[in-house]
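Structural description and commentary
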Amino acid sequence: RSPNGEHQPHHDHHRNASKHHQEKKRMVHEQLLERRVVSKEEWVAAREELLQKEKALTRERERVTRARLKLPWRAVAQDYVFQTPDGQNVPFADLFEGRSQLIV
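Residues numbered from 1 in each chain as written. Predicted model: local features only at pLDDT ≥ 70, side-chain atom pairs only at ≥ 80, totals over all residues. Heavy atoms only, no water.

**Observations regarding the overall build of the chain**
When you go through the chain residue by residue, the secondary structure sums to two helices and two strands. Looking at the chain as a whole, 4% of its 104 residues are labelled buried. Counting only carbon and sulfur atoms, one obtains 56% of the accessible surface of the chain, whose full area is about 10600 Å². (Helix = DSSP H or I, 4+ residues; strand = E, 2+ residues; numbered from the N terminus. Buried < 20%, exposed > 50% of the residue type's maximum accessible area, 1.4 Å probe, protein only. Areas by Shrake-Rupley, 256 points an atom, 1.4 Å probe, with all protein chains shown as cover.)

Okay, structure coming up:
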C-alpha cells in the first residue's frame, strides 16, 4: 500500500512473483536432496522408463498438432481496413500489392 493507504497491485505482483520464485527454488533444492545414487543398471532402467513416457508425450503432441491442422476454416465476413506507411486506408487484399501470398 502507498503512504495514503491506496492499494498498489503492481507491487503486489512483484512480491507474489518473488514468493513464487523462492518457493520454486526451495522445491528444487528439496528434490536434489531426495535424489538417490544408484547403480548403472538401475539408472538405465529408470531412464528407459522416462524415455518411453517422453516418446508417448511426443506422439500425443503430434496427434494434437494434426488435429489442429484439420480444424475447418472460417470465412472472415468483416471488411478490415489497414493504414499503409504512406497513410492510405486499404482493404487487407491490397496489402499484398498484387501478390497471392503474404510472407511474414
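There's more to say after this.
**Some words on a nonpolar patch on the surface**
Together, Val76, Tyr80, Phe82 and Phe92 give the surface a local cluster of nonpolar side chains, amounting to about 400 Å² of exposed area. The class of phenylalanine 82 is partly exposed, set by a relative accessible area of 32%. (Patch = residues over 30% accessible without salt bridge, like charges linked within 9 Å, V, L, I, M, F, W, Y side chains within 5 Å. Salt bridge = Lys/Arg side-chain N within 4 Å of Asp/Glu carboxyl O.)

**Considering the environment of aspartate 86**
Within the secondary structure layout, aspartate 86 lies in the loop between strand 1 (81-83) and strand 2 (89-91). Since its relative accessible area comes to 58%, aspartate 86 is described here as exposed. At 2.3 Å, the side chain of aspartate 86 forms a polar contact with the side chain of threonine 84. Engagement of the side chain of aspartate 86 in a polar contact is seen with the backbone nitrogen of glutamine 88, the distance being 3.4 Å. (Polar contact = N/O pair within 3.5 Å; in protein donor to acceptor, adjacent residues only side chain to side chain.)

**Observations regarding the packing of aromatic side chains**
Enumeration over the complete set of coordinates arrives at one aromatic pair. Measuring from centroid to centroid gives 5.8 Å for phenylalanine 82 and phenylalanine 92, while their planes differ by 55°, and the two rings are tilted. Of the two residues, phenylalanine 82 is situated in strand 1 and phenylalanine 92 in the segment after strand 2; the sequence distance between them amounts to 10 residues. (Phe/Tyr/Trp six-rings, centres within 6.5 Å; stacked < 30°, edge-to-face > 60°.)

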